[in-house]
Amino acid sequence: MNLKNKKTASNCFAFLIFLIVTSSSLLQAQQIIAGPMLGYNTMREVAVWVQMDEEAEVYLAVEPVDTSGKLLQGFSIKTDNQKANTATLISPLLEPGTSYSAQVYANDKALGKKIFFTTQSLWQWRKPAPDFSFLAGSCLYINESEYDRPGTPYGANYGILEKMAGEKADFMVWLGDNNYLREVDWNSRQGIYHRYTHSRGLPELQSLLKTMHHYAIWDDHDYGPNDSDWTYWNKDITREAFTDFWANPNYGVAGLKGTTGTFSWNDCQFFLLDNRWDRSPEQSDGTILGAAQIKWLIDALRYSQASFKFICVGGQF
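Residues numbered from 1 in each chain as written. Predicted model: local features only at pLDDT ≥ 70, side-chain atom pairs only at ≥ 80, totals over all residues. Heavy atoms only, no water.

**Student:** How should helix H6 (residues 235-245) be read in this particular structure?
**Tutor:** Where H6 is concerned, the buried positions are Lys235, Ile237, Thr238, Ala241, Phe242, Asp244 and Phe245. Taken together, the buried residues of H6 touch strand E1 (32-41), strand E2 (46-52), strand E6 (86-90), helix H3 (189-200), strand E11 (213-217) and helix H5 (220-223). (Buried < 20%, exposed > 50% of the residue type's maximum accessible area, 1.4 Å probe, protein only. Helix = DSSP H or I, 4+ residues; strand = E, 2+ residues; numbered from the N terminus. Contact = heavy atoms within 4.5 Å.)

Right, dumping it as structure tokens:
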């Protein structure tokens, strides 16, 4: 072999090494850093939320647990760095009252363990509404020492989340302050998304996310500064982050601008109210919910056919 050929062979070898290293790096990079989390549940579709460590093409594949049904693939989503690589994956068309397994795929590679869920059953006009159970809670402060206030850490005892995961509940309603924005976060998009990412990635939280469905409202600390009201300057960004990190079935119903929503579980309806978007400053004779949201709530309560109605607000009501 002459010198020219030796150089060519060396270049080819180096290029091959580069391809192997690059491919290996890409495979390693496609990892789930939080979730999967079970989101809303209906008779015909279910949402699953996931957060990747970098941009990837992700989708959800589901199959019935008790039958040899065909593997069903949902629509794929390209995660985006601007949204902290979060994705709310919607299942394909499902059957009521059926148990399924679900697997998250990124760039056609299965990631993590399967999760399991059962769609809500079609009970109307057929049988009594099935019994169910749910959890409710709020105020999850996750320490990050370099950005916490000096002194004794505020958050602790995260093991309660693992205890909750073993409760066999159907779903959980998060009643606000599910995430605590800090002074370092309020004024930037990157700070806000960092805080949501840091809170959601807590190791003790992951089992709870997988074992039951989750719905959420916000209060001041996941909306903005302490006791913040409608004047908070970055509320459009925190609303975007909230909708990126929680898989509710709807936000801002009936043209409302905040995070107001609703969902049904068997013969119960839950009204998820927003007590920050239109809130007046505390020193004024104003409103907490805003006239439009109050009107929607009253009309929606009148229309609702649910036997039991739960009004969820992030504060005294």
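Moving on, there is more to tell.
**Student:** Just to check I follow, could you spell out unusual backbone geometry for this structure?
**Tutor:** In terms of backbone geometry, most residues other than glycine have negative phi values and most peptide bonds are trans. Put simply, glycine 35 and proline 36 share a cis peptide bond, and its omega is 0°. When you line up the elements, proline 36 lands in strand E1. Positive phi is not limited to glycine here, since tryptophan 125 has a value of about 65°. Unusually for a residue other than glycine, aspartate 227 sits at a positive phi of about 60°. Examined against the element boundaries, aspartate 227 turns out to sit in the loop between H5 and H6. Judged by its relative accessible area of 39%, aspartate 227 is partly exposed.

**Student:** Hey, could you run me through the packing of aromatic side chains in this one?
**Tutor:** The geometry of two aromatic rings is summed up by the distance between their centres and the angle between their planes. Counted by the stated rule, this structure contains 29 aromatic pairs. Judged by centre distance (5.7 Å) and plane angle (40°), the ring pair of tryptophan 49 and phenylalanine 245 falls under tilted. You can see tryptophan 49 sitting in strand E2 and its partner phenylalanine 245 sitting in helix H6, a full 196 residues away along the chain. Between tyrosine 59 and tyrosine 105, the ring centres sit 5.1 Å apart and the planes meet at 0°, which makes this aromatic pair stacked. Of the two residues, tyrosine 59 sits in strand E3 (residues 57-64) while tyrosine 105 sits in strand E7 (residues 99-106), which places them 46 residues apart along the sequence. (Phe/Tyr/Trp six-rings, centres within 6.5 Å; stacked < 30°, edge-to-face > 60°.)

**Student:** Please explain the pattern of salt bridges as it appears in this structure.
**Tutor:** If charged atoms from side chains of opposite charge come close, those side chains can pair. Tallied over the full model, the rule gives 12 salt bridges. Across the pair lysine 114 and glutamate 63 runs a salt bridge, and its minimum N-O distance is 3.3 Å. A residue pair is termed long-range when its members are at least 10 positions apart, and lysine 114 in strand E8 (residues 109-118) and glutamate 63 in strand E3 qualify at 51 residues. The salt bridge partner of glutamate 183 is arginine 149, with a shortest N-O separation of 3.9 Å. Taken together, the residues span a long stretch of sequence, with glutamate 183 in the loop between strand E10 (171-175) and H3 and arginine 149 in the loop between strand E9 (134-137) and helix H2 (159-165) at a distance of 34 residues. Of the residues examined, glutamate 183 reaches a relative accessible area of 43% and is grouped as partly exposed. Connected through salt bridges with shared partners, the residues Lys83, Arg189, Glu240 and Asp244 form a single ionic network. (Salt bridge = Lys/Arg side-chain N within 4 Å of Asp/Glu carboxyl O.)

**Student:** Before we go on, may I ask you to explain the nonpolar core in this structure?
**Tutor:** Note on soluble globular proteins: their nonpolar side chains tend to be buried together. By size, the foremost hydrophobic cluster in this structure holds 47 residues, and its most contacted members are Trp174, Tyr196, Leu208 and Phe270. In this structure, phenylalanine 270 is in contact with Phe134, Phe171, Val173, Gly261, Thr262, Phe263, Trp265, Phe310 and Cys312, ignoring residues within four places of it in sequence. (Core = buried A, V, L, I, M, F, W, Y, C linked by side-chain atoms within 4.5 Å.)

**Student:** Honestly, the side chain of glutamine 120 in this entry has me stumped. Any pointers?
**Tutor:** Along the polypeptide, glutamine 120 turns up in the loop between E8 and E9. On the accessibility criterion, glutamine 120 (9% relative accessible area) is buried. Polar contacts involving the side chain of glutamine 120 include one to the main-chain amide nitrogen of asparagine 266, which spans 3.1 Å. Once you skip the residues sitting within four places of it in the chain, glutamine 120 turns out to touch Asn41, Thr42, Met43, Pro96, Gly97, Ser264, Trp265 and Asn266. (Polar contact = N/O pair within 3.5 Å; in protein donor to acceptor, adjacent residues only side chain to side chain.)

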